[in-house]
Every structure is written in C-alpha cells, then in structure tokens.
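# Topology and contacts: notes
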Amino acid sequence: MSAKIIDGKAFAADVRARVAEQVATLKADHGITPGLAVVLVGEDPASQVYVRNKGKQTIEAGMNSYEHKLEDTTPEADLLALVEKLNADPAVHGILVQLPLPDHIDEAKVLATIDPAKDVDGFHISNVGLLATGQKALVPCTPLGCLMMLRDHHGSLSGLNAVVVGRSNIVGKPMAQLLLRDSCTVTIAHSRTKDLAEVCRRADILVAAVGRPQMLSADHVKPGATVIDVGINRIPAPEKGEGKTRLVGDVDFDSASEVAGAITPVPGGVGPMTIACLLANTLTACCRAAGLPEPE
Ligand code: NDP
C-alpha cells in the first residue's frame, strides 16, 4: 500500500473540539448556547442511530439538543407545524429533519418550510442557490467535511482537476459547487457517463458518491490522486460469521490505495466528518442569528 490514509475520525474529533471551545466562549462572553433540533419521523433503524449520535455529540460540544420523535403515521401538516414552531423558537438555531421521510410526506415541501437561516443541512433551495452563486450559505455537511479534509491535505485546491462521481442534491452537486468555489476544474460523472474509468483517471481529486459497493477500483485512479470515498454500503461478511455484514465504501480500498496518493477509508473517513460539520453549521447559524462574527 502506498497511499496516505486520511484519518477522518481524528480530523472530526479536532473539528468537534474546536466547536466545543467556540461554544464555551460564546456562552462565557455572550450568554448564548447554540441549540440544534433534530426531527425523526418513523422507526428507520439507520436513522435512529444517526439521530442518537447527533444528539450525543451535540451535547458533548456544549450545545442544547432538542429531539422530536414522531410516529411514522404523522400527517404532513403536523410535521410542517412542528417545523414552523422550531423556526419561531429563539433557542433553536439549527433544524435538521432526518431523511428519508415516509412516503406520504412531501420531502421538498418540508425542506422548503425550514427557515433558511436555521437550515443546518443546507438543503433549502435558498442555501442551494446561495452556494451556487458564490454567496454566504449554510453548506451540506457531508460535502463540507470532504472539502475540509481536501484543504487540509492539499492546502490550495486551485487549478486541480476534480471528478465527482454522483450528482445527488445532498452530496454530488454541492460537492462539485464547493470544489468549483475553490477553483478546481470540476467534472461531474453519473450513471450515463461514457468511459467512467477514463474520466476518473483525469482527476487529481476523485470523489466517489455513488452508493455502489467498491465500484471504483485502481483502474479509475490516476497515480498520486487524492480519493475521497463518501459511500457507505453494508455488504455480507461471511468471514466474520454467518449472517454478519461489514461496511465498505464506493471505492475498492485495497486496489485504489496502491495507486492513490491519499485516500479516505470506510469506515473512519468521510462519515465522522458529517456530524462534526453539522455542529459547525449550528454554531455558524447561531453566531449569524446573534449578529456575532462567524467562527473560522
Ligand atoms: P444517490 O443514490 O442519491 O446518488 C447516487 C449517484 O450515483 C447518482 O447521481 C447516480 O447517477 C450515480 N451513479 C449510480 N450508479 C452509477 C454508475 N454505475 N456509474 C456512475 N454513476 C453512478 O446517493 P447519495 O448521493 O445520497 O449517496 C451516495 C453514497 O454516499 C451512498 O453510499 C450513501 O450511503 C453515502 N452517503 C454518505 C454520507 C456520509 O455521511 N458519509 C452522507 C450521505 C450519503 P444518476 O443520477 O445518473 O442516477
């Protein structure tokens, strides 16, 4: 193996520690405690784990955590009313509605109801537009975490060729916008892209956000490139025992790490950065609401 492993777990711990320090200063100097409200509708097991971890890390950072758990039969109107209530609550600086929502609820309508100034997931169309036009936005947490790791590794990203595989609204598109903002030459690849391996091999920075286990291999990686693997896929792991599973990314780590210059592992790469960036966004939203300078 030749690639440097980018340790997202350690990086995320540093980000959380920095946020906790800034939260403590905010409390001491201004008597303000940032508050994050997380709304979970239904019993999806993966979502329950995410929400639990978000609540735990919010409290560890010294912020207030408000969890709202609703039945999966909750009418859309009730969820919208809760979001409106949180919009109006001055103790709540960030609102996150855990996705996916049950089929009878219009996700776009719910996201559009969140006050853009409290939209710490960065999914509201106002924040999407602000990011796309290079203005001050709240930026989606997963791509923001990827960008922080890339800046840390490379310093300036200016002029680098970046290929983002995946064009979803929550990862691929905002990732591409952030890389463009940092003056990369950006290509977005997707399921209709012709000769994906050839496109990927042009990348100094390759971001995989596909949702297909180990789809990108050494064949997709330019020697020395930085590979950011956003994918979280659970696959059978019979070697661990019957019925056992393990997590893998969208990149075949073993082969890609022979060619890449640096690579994020799964687990322990992008994943931990997502919640750390959620806390950072909540702190940012709180400072903006209070008219205070934003943390760096
Ligand atoms: P989506 O399913 O919304 O998007 C997947 C994208 O990959 C689509 O744009 C799709 O193209 C593209 N794609 C699918 N198959 C191919 C293919 N064969 N070749 C090229 N492109 C392809 O996924 P998300 O963006 O929501 O998530 C991507 C991955 O990231 C998932 O594994 C998810 O679990 C993970 N994730 C991890 C997070 C974290 O915290 N680490 C947070 C969010 C997601 P098309 O548009 O043409 O269909």
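Quick notes on the rules
- Residues numbered from 1 in each chain as written.
- Predicted model: local features only at pLDDT ≥ 70, side-chain atom pairs only at ≥ 80, totals over all residues.
- Helix = DSSP H or I, 4+ residues; strand = E, 2+ residues; numbered from the N terminus.
- Rg over C-alpha atoms; globule rule 2.2 N^0.38 Å.
- Buried ≥ 20, exposed ≤ 12 C-beta atoms within 10 Å, placed from the backbone.
- Contact = placed C-beta atoms within 7 Å.
- Pairing = 2+ DSSP bridges.
- Axes fitted to C-alpha atoms, helices over the stretch in contact; angles between N-to-C directions.
- UniProt positions renumbered as here; feature names shortened; annotations may be inferred.
- Domains from an automatic or database assignment.

Here the focus is the overall build of the protein. Along the protein, the regular secondary structure elements total 10 helices and 11 strands. Against the compact-globule benchmark of 19 Å for 296 residues, the protein has a radius of gyration of 19 Å, which places it among compact chains. Referenced to the eigenvectors of the C-alpha coordinate spread, the extents of the protein come out at roughly 50 × 45 × 35 Å. Expressed as a percentage of its 296 residues, the buried residues of the protein come to 45%. Looking at the protein alone, contacts between residues at least 24 apart form 67% of all its contacts between residues at least 6 apart.

Turning our eyes to something else, we now look at the sheet that holds strand E3 (residues 64-70). Spatial strand order, E3-E2-E4: 3 strands in an open sheet with parallel pairing. Every interior strand has two partners, whereas the edge strands, E3 and strand E4 (94-97), have only one. On average, each strand axis in the sheet is tilted by 15 degrees relative to the strand beside it, whichever way the strands run. Both strand E2 (residues 35-41) and E3 contribute to a ladder of 7 bridges, which runs parallel. In the sheet register, Leu 40 faces E3, and the bridge partner there is Lys 69. Packing of helix H2 (residues 45-60) onto the sheet brings it into contact with E2 and E3, and relative to E2 it is tilted by some 170 degrees.

The strand order across the open sheet formed by 6 strands is E1-E11-E8-E7-E5-E6, and the pairing between neighbours is parallel. The open sheet has two edge strands with one neighbour each: strand E1 (4-5) and strand E6 (185-189). Bridging between E1 and strand E11 (residues 262-263) involves 2 bridges; their strand directions are parallel. If you follow Ile 5 over to E11, its bridge partner there is Ile 263. Strand contacts of helix H6 (residues 141-154): strand E7 (205-208), strand E8 (226-229) and E11, with the helix running at about 160 degrees to E8, the strand carrying the most contacts.

Here we come to the UniProt feature "binding site: NADP(+)" (unreviewed entry) in the protein. Per the UniProt record, "binding site: NADP(+)" (unreviewed entry) is annotated on Gly 166, Arg 167, Ser 168 and Ile 232. Note on placement: Arg 167 falls in the loop between strand E5 (161-165) and helix H7 (172-181). In this fold, Ser 168 is placed in the loop between E5 and H7. Ignoring sequence-local partners within four residues, the contact set of Ser 168 consists of Lys 173 and Ala 209.

Taken as a whole, the protein is organised into domain 1 (30-129) and domain 2 (141-272). Of note, the centres of domain 1 and domain 2, computed from C-alpha atoms alone, are 27 Å apart.

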